[in-house]
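# Examination of the molecular architecture
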Amino acid sequence: ANLAVIGDLNDLPDSRTLQLITQGQPEFVDVVAAVPADQRYTHVYQGEKQQLDHLLVAPGLLADLKSGSVAIDHDAVFSAASDHFPGVARFAVD
């Protein structure tokens, strides 16, 4: 199935919640893991960079993920609208 869970889950990648989603049926994949570790943060709290936002993709949609398209946009313009940075992924969907 072409399913995705996208956004602020307010949980770190190693949380129990994320484990349940990524180890369930279907097994969702957090495609943000493809982003280099030093750029993977979506939120900064008291100087600590954290990934609280996720792009979880089911196998059916994962097959359509465009190579190299996953990123976290740390553009300063987003900090005026939210305290989180957006994740971006592109898919080839027919």
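Right, let's walk through the structure included here. Bear in mind that the values here come from a model prediction, so they are computed numbers and not experimental data.

Reading guide: rules and limits
Residues numbered from 1 in each chain as written. Predicted model: local features only at pLDDT ≥ 70, side-chain atom pairs only at ≥ 80, totals over all residues. Heavy atoms only, no water. Helix = DSSP H or I, 4+ residues; strand = E, 2+ residues; numbered from the N terminus. Rg over C-alpha atoms; globule rule 2.2 N^0.38 Å. Buried < 20%, exposed > 50% of the residue type's maximum accessible area, 1.4 Å probe, protein only. Areas by Shrake-Rupley, 256 points an atom, 1.4 Å probe, with all protein chains shown as cover. Core = buried A, V, L, I, M, F, W, Y, C linked by side-chain atoms within 4.5 Å. Contact = heavy atoms within 4.5 Å.

## Notes on the overall build of the protein chain
Counting its secondary structure elements, the protein chain contains three helices and seven strands. In the protein chain, the succession of α and β elements from N to C terminus is β-α-β-β-β-β-α-β-α-β. Rg of the C-alpha trace for the protein chain: 13 Å, near the compact-globule value of 12 Å for 94 residues, within the 12% margin. With respect to the three principal axes, the spread of C-alpha positions in the protein chain is 40 × 30 × 20 Å. Residues counted as buried form 28% of the 94 residues belonging to the protein chain. Accessible surface computed for the protein chain: about 5,900 Å², of which carbon and sulfur atoms make up 51%.

## Comments concerning the nonpolar core
Within the largest apolar cluster, ten residues are counted, these being V31, V32, V35, Y41, L55, V57, L61, V70, I72 and F85. Setting aside anything within four residues of it in sequence, one finds Y41 in contact with K49, Q50, Q51, I72, H74 and F85.

## Things to note about unusual backbone geometry
Following Q25, the chain continues to P26 via a peptide bond in cis, the omega torsion being 0°. If you trace the backbone, P26 turns up in the loop between α1 (16-22) and β2 (29-30). The phi dihedral of N10 falls on the positive side, at around 55°, and the residue is not glycine. Mapped onto the elements, N10 comes out in the loop between β1 (4-8) and α1. On the accessibility criterion, N10 (54% relative accessible area) is exposed.

Read these as geometric descriptors, not functional statements.
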